[in-house]
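Chain by chain, the residues:
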Amino acid sequence: MAETLESLWRQCRDALGGQYRLVPGEGNPHAAVALVGEAPGAQEEAQGRPFVGAAGKNLDALLAMAGLTREALYVTNAVKFRPTRPGAGARLRNRPPTREEVARFAPWLRREIAAVSPRVVVTLGNVPLQAVTGTDLTVGRAHGRLLPCGAAPPVFALYHPASVIYRPQLRGVLEADMRALAGWLARAGREDDIWDAEKDI
Ligand code: URA
């Protein structure tokens, strides 16, 4: 029997809750699609929920493009706390998680994905792509197609929606990838054997 998410978060809190303000994953615990971001931001930390800030709005617009809603998904992050660095005055700014921080949360992420057992894991950016696959693959090389992951669910890599803010030329790429994902999900939903559907992509 797979472990439940409730039991997983209890254990995660016991192990790391004293050290970090944890933001657990949330959503449909039996979702066909698990979406993995990088790490929570300030809004997510304040509310204790993933993708509720500006990044969440971007994400919802992107999901709509593939005909997906939050209700159909499970949403989480590779790292379950907000990594920060000092900003102006007393303010804190976000920073990317370190390799050590990603490694510390990788076993929890793996167990989380196993508990949900989705048909596909959609990663947003390099950090979750590398955390989920355990490789140094980059989103520039891997985006927009299904990556088989042995006994684990296959991964579909997307650019992080925030990257479009800094690199507007990526918007078209991200939109095309969303349409490819929507097409694959529609086919996979029609076919019993997901691996047959995968060959079409
Ligand atoms: N960006 C992420 O990758 N995750 C969040 O939860 C919020 C912003």
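The structure presented is a predicted model; accordingly, all values stated were derived computationally and were not measured.

Engineer: Could you give me a rundown of the sheet that holds strand β6 (residues 120–124), with the residues and numbers involved?
Structural biologist: Ordered by their spatial adjacency, six strands build an open sheet running β1-β3-β2-β6-β8-β7, and the pairing between neighbours is mixed. On the outer flanks of this sheet lie β1 (26–27) and β7 (146–149), each paired with one strand and no other. Here helix α8 (residues 171–190) sits on the sheet in contact with β2 (33–37), β6, β7 and β8 (152–158), set at roughly 150° to β8.

Engineer: Can you tell me about the side chain of S163, naming the residues and giving the values?
Structural biologist: Relative to the assigned elements, S163 resides in helix α7 (residues 163–166). Among the polar contacts listed, one links the side chain of S163 to the backbone oxygen of H160, at a separation of 2.5 Å.

Engineer: Let's hear about the nonpolar core: which residues, and what values?
Structural biologist: Within the largest apolar cluster, 56 residues are counted, with the highest numbers of intra-cluster contacts made by L35, V120 and V122. Per-element accounting of this core gives the leading share, seven residues, to helix α4 (residues 99–116). Those residues in contact with V120, other than ones at most four positions away along the chain, are A32, V33, A34, L146, P154, V155, F156, W184 and L185.

Engineer: Describe in detail the site of the ligand, supporting the description with residues and values.
Structural biologist: Every residue near the ligand is listed here: G37, E38, A39, P40, E44, P50, F51, A55, N77 and H160. One of the backbone N or O atoms of A39 is found 3.1 Å from a nitrogen atom in the ligand. About the coverage of the ligand: the protein hides 92% of its 240 Å² of free accessible area. Here the shell around the ligand is built from residues that sort into five nonpolar, three polar and two charged.

Engineer: With reference to specific residues and values, describe helix α1 (residues 5–16).
Structural biologist: Across its twelve residues, α1 extends 16 Å between first and last C-alpha, which sits within 8% of the 16 Å expected from 1.5 Å per residue. Among all positions in α1, only L5, S7, L8, W9, C12 and L16 are buried. For α1, the secondary structure elements touched by its buried residues are β3 (73–77) and α4.

Engineer: Can you lay out the packing of helix α3 (residues 54–65) against α8 for me, pointing to particular residues and giving the numbers?
Structural biologist: One way to put it is that α3 packs onto α8 with a least axis distance of 8 Å and a crossing angle of 50°. As the angle between them shows, α3 and α8 are arranged oblique. Here L62, L63 and M65 of α3 lie close against α8, whose contacting residues are L174, E175 and M178. In terms of residue class, the contact of α3 with α8 is made up of five nonpolar, no polar and one charged.

Engineer: Before we move on, can you summarise the packing of aromatic side chains with the specific residues and values?
Structural biologist: Counting across every chain of the model gives three aromatic pairs. Between F81 and F105, the ring centres sit 5.8 Å apart and the planes meet at 35°, which makes this aromatic pair tilted. Taken together, the positions of F81 in the loop between β3 and β4 (84–86) and F105 in helix α4 put the pair 24 residues apart, joining distant regions of the chain. Assessed through its relative accessible area of 7%, F81 is described here as buried. Judged by relative accessible area, F105 falls into the buried class, the value being 0%. Three or more aromatic residues joined by ring pairs form one cluster here, namely Y20, F81 and F105.

Engineer: Can you explain the packing of α1 against α4? Please cite residues and give values.
Structural biologist: One way to put it is that α1 packs onto α4 with a least axis distance of 10 Å and a crossing angle of 170°. Relative to α4, the element α1 is oriented roughly antiparallel. On α4, the residues touching L5, L8, W9, Q11, C12, A15 and L16 of α1 are R104, F105, W108, R111, E112, A115 and V116. Among the residues making up the contact of α1 with α4, the classes are represented as ten nonpolar, one polar and three charged.

Engineer: An account of the pairing of β6 is requested, with residue identities and associated values reported.
Structural biologist: Of all five residues making up β6, five are buried, and the element is well covered by its neighbours. Here β6 shows no split at all, with V120, V122 and L124 on one side and V121 and T123 on the other all buried. Bridge count between β2 and β6: four bridges; the pairing is parallel. In the strand pairing of β6, V36 is matched with T123. Where β6 and β8 come together, four bridges link them in parallel fashion. Opposite T123, over in β8, you have A157 as the bridge partner.

What counts, and at which threshold
- Residues numbered from 1 in each chain as written.
- Predicted model: local features only at pLDDT ≥ 70, side-chain atom pairs only at ≥ 80, totals over all residues.
- Heavy atoms only, no water.
- Pairing = 2+ DSSP bridges.
- Helix = DSSP H or I, 4+ residues; strand = E, 2+ residues; numbered from the N terminus.
- Contact = heavy atoms within 4.5 Å.
- Axes fitted to C-alpha atoms, helices over the stretch in contact; angles between N-to-C directions.
- Polar contact = N/O pair within 3.5 Å; in protein donor to acceptor, adjacent residues only side chain to side chain.
- Core = buried A, V, L, I, M, F, W, Y, C linked by side-chain atoms within 4.5 Å.
- Buried < 20%, exposed > 50% of the residue type's maximum accessible area, 1.4 Å probe, protein only.
- Near = heavy atom within 4 Å.
- Areas by Shrake-Rupley, 256 points an atom, 1.4 Å probe, with all protein chains shown as cover.
- Nonpolar A, V, L, I, M, F, W, Y, C, P; charged D, E, K, R; others polar.
- Expected span 1.5 Å × (residues − 1).
- Parallel < 35°, antiparallel > 145°, perpendicular 65-115°, else oblique.
- Phe/Tyr/Trp six-rings, centres within 6.5 Å; stacked < 30°, edge-to-face > 60°.

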